[in-house]
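Fold and contact review
The lines below spell out each chain.
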Amino acid sequence: MTESMDASYETGSQSEDSYQFERMYIEPIYDAFVCPLTKQVMRDPVTSENGQTFEREAIERWFRECRESGKKLVCPLTQKELKSAELKPSIALRNTIEEWTARNEAVQLDMTRRSLNLSSPESDILQGLKYIQYICQKSRSNKHVVRNAELIPMIVDMLKSSSRRVRCIALDTLRTVVEEDADNKAILAEGDTVRTIVKFLSHEQSKERKEAVSLLHELSKSEALCEKIGSINGAILILVGMTSSKSEDLLTVEMADRTLENLEICENNVRQMAENGRLQPLLNQLLEGPPETKLAMASYLGELVLNNDVKVLVARTVGSSLIDIMRSGNIQSKEAALKALNQISSCEQSAKVLIEAGILPPLVDNLFKVATNQLPMRLKEVSATILANIVTTDYEFDSIPVGPNNQTLVSEDIVHNLLHLISNTGPAIECKLLQVLVGLTSSPATVMNLVAAIKSSGAIISLVQFIEAPQRELRVASIKLLQNLSPHMSQELANALRGTVGQLGSLIKVISENIGITEEQAAAVSLLAELPERDLGLTRQMLDDGAFQLIFLRVVKIRQGEARGIRFMKPYLEGLVRVLARVTFVLSEEPDALKFCRENNLAAVFIELLQSNGLDDAQMVSAMALENLSQESKNLTKLPELPPPGFCASIFPCLSRQPVITGLCRIHRGTCSLKDTFCLLEGQAVEKLVALLDHTNEKVVEAALAAISTFLDDGVDIEQGVMVLFEAEGIRPILDVLLEKRTENLRRRAVWAVERLLRNDDIAQEVSGDPNMGTALVDAFQHADYRTRQIAERALRHVDKIPNFSGIFPNMG
């Protein structure tokens, strides 16, 4: 149906309509009015030398064709030769025709007025609309006639018709009426007419949309109407959408694009276009407009929400211009430019573009200016925010001069100035400057410069104090900075936390708060995990403050699936395990640590954590903690008390028999339990530790091997320890660790464990037939460190690779 309606609308050309209206005469027509060549009423009648009257344009075309074809000049009616092509105007006839035409047009105009009514038949309405088009196209002066006849509001009313054909013709008629006529456009600007036209842009029927956008394009040639169109909610959004539509008619797309180009004359329209994804007009004006326009565009840009791809485009297009504006002395201009730069610097790629455009020197200058040139603190904060955005990139900041003496962002003087600002400004800018330091300490290329500068400034105490800041964002920034510093300044941080009141407690409070798992908590626990594990004073303070108990409860809740927050789960849990494990490093020196481990059955927790697949650090640290606990087992095991021998047994030893005591630990020879003596055999940890020897992370393998080695250590029953490993199928994995030789530490530990295993004759006999094992031990004997070479020599003796009488090394025990 739609296609048939479109076809019926298209039938009949403009010339056919003109031909039709030329013959709609109310008064009788006289033959003298009609040109014999065009058969139409003449407008400019002229007479040739033989007295014949023609339409000037028609007879002049006839004469021209005669000359161009080389024919004689003849009269087109009589075919007789003419001596001259001179034409005389027939003024009297023209006046008569004009009077006759005016009378006819007045009557036709009155008929048209009566037909433009929504209750009129559709054919009458269409006839009236087309007649208005005809007379406006016939003469521009007729547009004045249409206006004075008050036909424009009547045409607008036809937009309410239920007939799509009527609506389409009405839109087209309005375009004809207002074309190149400012007065008619002004009438159309009144009331809600423009809003009604805009509504047609969203119609599904493409014909109405096409006519509406053509009309809007004509209206947009008026500056006053540009503002009116832009003020209608959704107008620019729809036009922008049409320009990017792949299903729209190409002519319609072009007309929408040209309409938007006209609308760019109003700043508010440019802003709306930018908000709706058409950013180029704003960028063009920012580049080429007068100073006040550049300022306005920069301000708009600072308020927009842009995706990352657009940020890169903006940085490449106007980044340098914004940096130039930022350098200017005008505070208002600086503010606008800084806000725009803040918006586009938050993407790594756009930040790199700005760095290359030279943003760093003026930014640093903004931060450090004092006295009369000093920026307001709100703009220093924006400058610091931009700098914080920029330093998150992987740029080589140690190679970009930002100061007068080729100083860089990581030069000692610059870092000292940043630290000074942090100590002497408000929370908002302090937070941004801390984020700058976080960015610089996140890069392996620059972190050591920052560490050296912070050490030389003695600022670590003041930085630690921010842990207690009430503002969450400030607290997070400080904790993340200290986390980045902790691998390089662990002892200094431990001293600062022990030496101040409240900071350690605040850190523990953040870590243990039951609010889900946040970035702040993950950073806080990672910071604490990096502190020296054997710092007895710090561990004692944490025990006194109940910190380990809180951390233990958090680990349990996570393992039970009660914690929320998946994003930071891994670093948070691994950090908790590392902090919890530090209590196992002081068992022999701190009775409260021993008590804590027993009361909470900590060995069982670490055994369970050995199976935390995907959490390498948690597995490694758990194995290390179990090594520490297992080493204490031989000191905690209760050895059985044997009764003294009787009188006869003392005289006749052959009568003495040792009583058989059952239930003793095979390895520790006493009464053991996992909870009280941390016996890994009782805790069934052997198989789990052996399984980790096949781990892809060598640090996990090393920690697991170290824990296993406690079954072979002096002070335990080594023979039984070997049997325990044999039963757990752990002999071959230990031998494989030596064969793989992934790191020097692993080789050292593996050589030690293998030598203990080879004290068993059956194992020694089996290994002696393995040429690969022999090669691995010989390699250790020749190339390892001094102590490992000694142990390798003993291992080689067990497999008869070195004669027992060979005393290459002095006996070191």
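The residue count restarts for each chain, going from 1 along the sequence in the order it is written. The model is predicted, so local features are restricted to residues of pLDDT at least 70 and side-chain atom pairs to those at 80 or more, both for listing and for counting; the totals for chains, interfaces and linings are taken over all residues. Hydrogens and water are ignored here; the side-chain numbers use all heavy atoms of the structure.

Tallying secondary structure elements over the chain gives 46 helices and three strands in all. The globule rule used for comparison is 2.2 Å times the number of residues to the exponent 0.38, while the radius of gyration itself is calculated over C-alpha atoms. Relative to the 2.2 N^0.38 estimate, which gives 28 Å for 813 residues, the radius of gyration of the chain is 47 Å and therefore markedly larger than a compact globule would have. For the chain, buried positions account for 50% of its 813 residues. In this analysis, two residues are considered to be in contact whenever any of their non-hydrogen atoms come within 4.5 Å of each other. The long-range fraction of contacts in the chain, counting pairs at least 24 apart against all pairs at least 6 apart in sequence, stands at 65%. We get accessible surface area from the Shrake-Rupley algorithm with a probe of 1.4 Å; when it comes to residues, only the shown protein chains can shield them. As presented, the chain carries roughly 38,800 Å² of accessible surface, and 49% of it is formed by carbon and sulfur atoms. Strands are runs of DSSP state E lasting at least two residues, helices are runs of H or I lasting at least four, and both sets are numbered from the N terminus onward. Burial classes follow relative accessibility: with a 1.4 Å probe on protein chains only, a residue under 20% of its type's maximum area counts as buried, one over 50% as exposed, and anything between as partly exposed.

This paragraph deals with the packing of aromatic side chains. Pairing of aromatic side chains here covers Phe, Tyr and the six-membered ring of Trp, requires ring centres within 6.5 Å, and sorts the geometry by plane angle: under 30 degrees stacked, over 60 edge-to-face, intermediate tilted. Summed over all chains, the structure comprises six aromatic pairs. Between Y30 and F33, the aromatic rings sit 5.3 Å apart at their centres with planes inclined by 65°, giving edge-to-face as the arrangement. Seen from their ring centres, Y131 and Y134 are 6.0 Å apart, and the 40° between their planes marks the pair as tilted. Of this pair, Y131 and Y134 both sit in helix α5 (residues 122-138), separated by three residues, roughly a single helical turn. An aromatic cluster is built from Y30, F33 and W100, whose rings are joined through pairwise contacts.

All right, on to helix α36 (residues 616-636) then. One less than the number of residues in a helix, times 1.5 Å, gives the span that helix is expected to have. In a regular helix each residue adds 1.5 Å, so 21 residues correspond to 30 Å; α36 covers 30 Å between its end C-alpha atoms and thus fits that length. Here α36 lies mainly inside the structure; 15 of its 21 residues are buried.

A side chain with one charge can pair with a side chain of the opposite charge if their charged atoms come near. Definition used for salt bridges: Asp or Glu carboxyl oxygen within 4 Å of a side-chain nitrogen of Lys or Arg. Scanning the entire structure with this criterion turns up 49 salt bridges. Of the charged contacts in the structure, one is a salt bridge between E60 and R56, with a shortest N-O distance of 3.7 Å. Of this pair, E60 and R56 both sit in helix α3 (residues 56-69), separated by four residues, roughly a single helical turn. Classification of E60 as partly exposed rests on a relative accessible area of 36%. Classification of R56 by relative accessible area gives partly exposed; the value is 26%.

Further remarks concern the packing of helix α18 (residues 308-327) against helix α19 (residues 331-344). Each axis is a line fitted through C-alpha atoms, and for a helix only the stretch in contact is used; angles between axes span 0 to 180 degrees, taken between their N-to-C directions. At a minimum axis distance of 9 Å, the contact between α18 and α19 shows a crossing angle of 155°. Classed by the angle they form, the pair α18 and α19 counts as roughly antiparallel. You can see that α18 and α19 cross each other, and the crossing is left-handed. In contact with K311, V314, A315, G319, L322, I323, I325, M326 and R327 of α18, α19 contributes S333, K334, A337, L338, A340, L341, Q343 and I344. Lys, Arg, Asp and Glu make up the charged group, whereas Ala, Val, Leu, Ile, Met, Phe, Trp, Tyr, Cys and Pro make up the nonpolar group; the residues left over, Gly among them, are polar. For the contact of α18 with α19, a count of residues per class yields eleven nonpolar, three polar and three charged. Roughly parallel covers angles under 35 degrees, roughly antiparallel covers those over 145, roughly perpendicular covers 65 to 115, and oblique covers all other angles. Crossings are classed by handedness, with left-handed meaning an anticlockwise turn of the near helix from the far one by less than a right angle and right-handed meaning a clockwise turn.

All right, on to the nonpolar core then. Soluble, globular proteins show a tendency: their nonpolar side chains are buried together. To form a nonpolar core, buried Ala, Val, Leu, Ile, Met, Phe, Trp, Tyr and Cys residues must be joined to one another through side-chain atoms within 4.5 Å. In terms of nonpolar packing, the biggest core is built from 197 residues, with L282, L301, I359, L360, L409, M542 and F606 touching the most fellow members. In this structure, L360 is in contact with I355, L387, I390, F397, I400, V402 and L409, ignoring residues within four places of it in sequence. One finds V198, V213, L219 and M255 within the second-largest nonpolar core, a separate group that totals 52 residues.

A few words on the sheet that holds strand β1 (residues 45-47). In spatial order, the strands read β2-β1-β3; together these three strands make up an open sheet with antiparallel pairing. Only two strands of the sheet have a single partner each, and these edge strands are β2 (53-55) and β3 (88-89). As defined by bridge partners, β1 adjoins β2 across three bridges and the pair is classed as antiparallel. Bridging from a neighbouring strand, T47 pairs with T53 of β2. In the packing of α3 onto the sheet, contacts are made with β1, β2 and β3, and the angle to β2 comes to roughly 95°. For two strands to pair, DSSP has to find at least two bridges joining them.

What follows covers helix α23 (residues 412-423). Between its first and last C-alpha atoms α23 spans 17 Å; for twelve residues at 1.5 Å apiece the expected length is 16 Å, and the two agree. Listed as buried for α23 are I414, V415, L418, L419, L421 and I422. Taken around the axis of α23, the buried residues stretch over an arc of 160°, which confines them to a single face. The elements touched by buried residues of α23 are α21 (360-368), α24 (427-441), α25 (447-457) and α26 (460-465). Picture the helix axis, draw a direction to every C-beta atom, and the arc is the one those directions span.

Okay, the environment of V177 next. Checked against the element boundaries, V177 lands in helix α8 (residues 164-178). Residue classification places V177 among the buried residues on the basis of a relative accessible area of 0%. As a C-alpha pair, V177 and I511 span 334 residues in sequence and 74 Å in three-dimensional space. Residue contacts for V177: discarding those within four places in its chain leaves I132, C136, K143, V146, I152, I155 and N184.

Moving on, we come to the environment of V364. Counting through the fold element by element, V364 comes out in helix α21. Considered as a pair, V364 and G403 are 39 residues apart in the sequence and their alpha carbons are 7.9 Å apart. Those residues in contact with V364 that sit more than four places away from it in its chain are V402, L409 and I414.

In this section: the packing of α8 against helix α11 (residues 206-219). In contact at an axis separation of 9 Å, α8 and α11 are set at 15° when each is read in the N-to-C sense. The angle between the axes of α8 and α11 places the two elements in the roughly parallel class. Crossing geometry of α8 relative to α11 is assigned as left-handed. Note on element contacts: α11 touches α8 through K207, E208, E211, A212, S214, L215, E218 and L219, opposite R164, R167, C168, L171, D172, L174, R175 and V178.

Let's shift gears to unusual backbone geometry. Unlike most non-glycine residues, Q79 shows phi in positive territory, near 60°. Tracing the chain through its elements places Q79 in the loop between α3 and β3.

Confidence of the predictor in every single residue is expressed as pLDDT, which spans 0 to 100. The predicted model of the chain averages 87 in pLDDT, with 91% of residues at 70 or higher. Note on residues 805-809: pLDDT is under 50 here. Beyond four places in sequence and across chains, it has ten contacts.

Take the state of the cysteines next. In this description, a disulfide is simply a cysteine sulfur pair whose atoms lie within 2.5 Å. Evaluated as defined, the whole model comprises zero disulfides. With no disulfide of its own, C35 lies closest to C75 among cysteine sulfurs, the gap being 11 Å. Since its relative accessible area comes to 0%, C35 is described here as buried. C226 supplies the cysteine sulfur nearest to C266, a cysteine that is in no disulfide, at a spacing of 5.3 Å. Looking at C266, the relative accessible area reads 11%, which means it is buried.

Glancing now at the side chain of S115. For S115, the location among the structural elements is in helix α4 (residues 91-115). In this structure S115 comes out as buried when scored by relative accessible area, which is 11%. Other than its neighbours up to four places away in sequence, S115 contacts S120, D124, I125 and G128.

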